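# Observations on chain architecture
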Amino acid sequence: MEQKPLQGKIAVVAGSTRGAGRGIAVSLGEAGATVYCTGRSVNGSPSDLNRSETIQETAELVTAAGGIGIPVQTDHTSPEQVAALFDRLRTEQDGRLDILVNNIWGGEKLIEWGKTFWEHSLPSGLLVQERAVKAHLITSYYGAPLMIANKSGLIIEVTDGIDYRYRGNLFYSLAKISPIHIAESLAEELRPHGVTALAVTPGFLRSEEMLEHFGVSEANWQDAVHSGKDQAEHFGQSETPRFVGRGIAALAADPAVLEKTGKVLPSWDLSDEYGFIDIDGRKPHWGRYAKEHGFL
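To start, this report covers the structure provided alongside it. (Residues numbered from 1 in each chain as written. Predicted model: local features only at pLDDT ≥ 70, side-chain atom pairs only at ≥ 80, totals over all residues. Heavy atoms only, no water.)

## What about the nonpolar core?
Counting residues in each nonpolar core, the largest one holds 32 residues, and the members touching the most others are Ile-24, Leu-28, Val-35, Ile-156 and Leu-251. When residues of this core are traced back to their parent elements, those giving at least two are β1 (10-14), α1 (19-30), β2 (34-39), α2 (55-65), β4 (99-102), β5 (153-158), β6 (195-201) and α7 (241-253). The element contributing the most residues to this core is α7, with 6 residues. Those residues in contact with Ile-24 that lie beyond four places of it in its chain are Val-13, Val-101, Val-158, Pro-241, Val-244, Gly-245 and Ile-248. Grouped together as the second largest cluster of nonpolar side chains are 23 residues, Val-82, Leu-85, Val-133 and Ala-197 included. (Core = buried A, V, L, I, M, F, W, Y, C linked by side-chain atoms within 4.5 Å. Buried < 20%, exposed > 50% of the residue type's maximum accessible area, 1.4 Å probe, protein only. Helix = DSSP H or I, 4+ residues; strand = E, 2+ residues; numbered from the N terminus. Contact = heavy atoms within 4.5 Å.)

Right, here's the structure in full:
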């Protein structure tokens, strides 16, 4: 049997409880990787988002896809917990870390759309930065030294968007633009050590929460396109979380990935370059659609 491209590779997907993080973790597993699935929600103890998904479920999906899934409850805003996570890799994997995906978000209930920054809750706006910016910095701070020691590795900053334009809310914009600059800066400092840093964005993500918003499941999601709900007309161009996951798996398997360091890469361009499709057999191209409709 042909070896899977990431067989024997060790990955950490920080923020893999649901959404893009889960899709990325499972796609890395599909390619054969051992994936440490981290987040706050575990069986019997959800995070403050109070959703049903857990990191144990994600780890089981990783294993079912062909990899090895290992759940590790971690609050990535805690330096102590993040340090302990990578100490565990030093023990269990002899210090090996090939892929680190920073996907921590946790801002679903914090952004107050339609409000100016001075009308917005300041505590909520700052908590978004704590989770979506500070947590990424903490995780790379403790994870990068393992890669530097091995003179190889790939760090992915997951974000929303490919540029620095305003995203409809100051606190949201800052939280999503910052990972792009984090990737650019990491690339400069890690390049001499053979370590790659990139930012990657999905298109219109058909996450668990978005499916719930439209009142559909993955099986009948296209029923929502004509529902009249906000953004429904664009939902037909949505992609599953596995689409961006397969893009990241392709990057991780690319021996020339260091040539891309510092870039921000969207799922649709990765699909064009590496030739993968979504798990529903489609090949969505949010970039082309968004340009046609004047909002990219």
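## A word on the pattern of salt bridges
Counted under the stated rule, the structure contains 20 salt bridges. Put simply, Asp-87 and Arg-90 hold a salt bridge, and the shortest N to O gap is 3.1 Å. You can see Asp-87 and its partner Arg-90 sitting in helix α3 (residues 79-92), 3 residues apart, about one turn around the helix. Given the relative accessible area of 42%, Asp-87 is considered partly exposed. Residues participating in the shared-partner salt-bridge network are Arg-18, Arg-51, Glu-53 and Glu-212. (Salt bridge = Lys/Arg side-chain N within 4 Å of Asp/Glu carboxyl O.)

## What about the side chain of Thr-38?
With respect to the secondary-structure elements, Thr-38 resides in strand β2. According to the relative accessible area criterion, Thr-38 is buried, its value standing at 0%. A distance of 2.7 Å separates the side chain of Thr-38 from the side chain of His-76, its partner in a polar contact. (Polar contact = N/O pair within 3.5 Å; in protein donor to acceptor, adjacent residues only side chain to side chain.)

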